[in-house]
Amino acid sequence: EYTRELIAKHVSGRLKVAPEHTSDAVLHVMRKPPFAQFYEFKKTFDRLNKELNLRQQLIPYFISSHPGCTAEDMAELAVITKRLDFHLEQVQDFTPTPMTVATEAWYTGIHPYTLQPIFSAKTQREKLAQRMFFFWYKPEERRAIIQELKRMGRSDLIDKLYGR
């Protein structure tokens, strides 16, 4: 009922939402719900738009290079968002912010709750290797993405992104 009211009367054409990632492991580090929750919301959003004869857009916001996120997580994000028919625009590279759990994990390389090592992209190369997957649909990114997928041993994702 709430979602119907929101979509029918309070969206002026574009609804911005922040699933932030598609990897449940990365979302867990972010302390966010699983991606399945966003997927269900999108199905509801699409169904209600059709029922109400609306042409609204869902604009998701995603983050790369968050602690716990790898280039492989980003490659899988690209495949999932392509399947959902998103050409991402609302994106950001993780920026450490004082007094946050994520920043502590990024800085120390240790997750403060589990005390386990956690990967964080820190170099420009590591960050770009993640960020480029947001833009899988841009011709100028295609070659670098294919090269990175081969490097990480995920040639299977080339077919899913580019239909080879």
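In this report, we go over the structure that sits alongside the text. Small disclaimer: the values here were computed from a predicted structure and weren't measured.

Conventions used here
- Residues numbered from 1 in each chain as written.
- Predicted model: local features only at pLDDT ≥ 70, side-chain atom pairs only at ≥ 80, totals over all residues.
- Heavy atoms only, no water.
- Helix = DSSP H or I, 4+ residues; strand = E, 2+ residues; numbered from the N terminus.
- Buried < 20%, exposed > 50% of the residue type's maximum accessible area, 1.4 Å probe, protein only.
- Contact = heavy atoms within 4.5 Å.
- Areas by Shrake-Rupley, 256 points an atom, 1.4 Å probe, with all protein chains shown as cover.
- Lys, Arg positive; Asp, Glu negative; His and termini not counted.
- Charge placed at Lys NZ, Arg CZ, Asp CG, Glu CD.
- Salt bridge = Lys/Arg side-chain N within 4 Å of Asp/Glu carboxyl O.
- Pairing = 2+ DSSP bridges.
- Axes fitted to C-alpha atoms, helices over the stretch in contact; angles between N-to-C directions.

### A look at the overall build of the chain
Counting its regular elements, the chain contains eight helices and three strands. Start at the N end of the chain and walk to the C end: the helices and strands fall as α-β-α-α-β-α-β-α-α-α-α. Projected onto the principal axes, the alpha-carbon positions of the chain cover approximately 50 × 45 × 20 Å. Counting only residues that meet the buried cut, the chain has 43% of its 164 residues in that class. Here the contacts in the chain between residues at least 6 apart in sequence split such that 65% fall between residues at least 24 apart. When the accessible surface of the chain is split by element, carbon and sulfur atoms take 52% of a total near 9,800 Å². Here the chain contributes 25 positively and 20 negatively charged side chains, and the mean placements of these two sets differ by 4 Å.

### As for unusual backbone geometry
For E20, which is not glycine, the phi dihedral falls at a positive 70°. As for its placement among the helices and strands, E20 is situated in strand β1 (residues 14–20). Overall, the relative accessible area of 13% leaves E20 in the buried class. Residues other than glycine seldom take positive phi values, yet M99 does so here, at roughly 70°. Tracing the backbone shows M99 in the loop between β3 (90–93) and α5 (101–108). Given a relative accessible area of 86%, M99 falls into the exposed group.

### Focus: the pattern of salt bridges
One pass over the structure, following the stated rule, counts 13 salt bridges. One network of salt bridges, with partners in common, ties together E72, E76, R154 and D156.

### Regarding the sheet that holds β3
One open sheet accounts for three strands, arranged β1-β2-β3; its pairing is parallel. One side of each edge strand has no neighbouring strand; the edge strands of this open sheet are β1 and β3. When strand polarity is set aside, the average angle formed by the axes of neighbouring strands in this sheet is 20°. Looking at chain direction, β1 and strand β2 (residues 57–64) are connected through five bridges and run parallel. For R14, the partnering residue across the bridge sits in β2 and is Q57. Running over the sheet, helix α3 (residues 35–51) touches β1 and β2 and is turned about 165° from β2.

### Regarding α5
Among all positions of α5, only V101, A102, T103 and A105 are buried. Looking one or two places after α5, you find G109, whose phi comes out positive at around 75°.

### So, the side chain of S120
Note that S120 resides in the loop between α5 and α6 (124–131). Its relative accessible area of 9% is what places S120 among the buried residues. In contact with S120, not counting residues within four places along its chain, are P67, A105, W106 and E126.

### Concerning the side chain of S64
Following the sequence through the fold, S64 ends up in strand β2. Residue class for S64 comes out buried when judged on its relative accessible area of 0%. Apart from residues lying up to four places away in sequence, S64 is in contact with M74, Q92, D93, F94, Q130, R131 and F134.

### Points about the environment of E20
C-alpha separation for the pair E20 and Q92, spaced 72 residues apart in sequence, amounts to 9.2 Å. Those residues in contact with E20 that lie beyond four places of it in its chain are M30, K32, Y61, F62 and I63.

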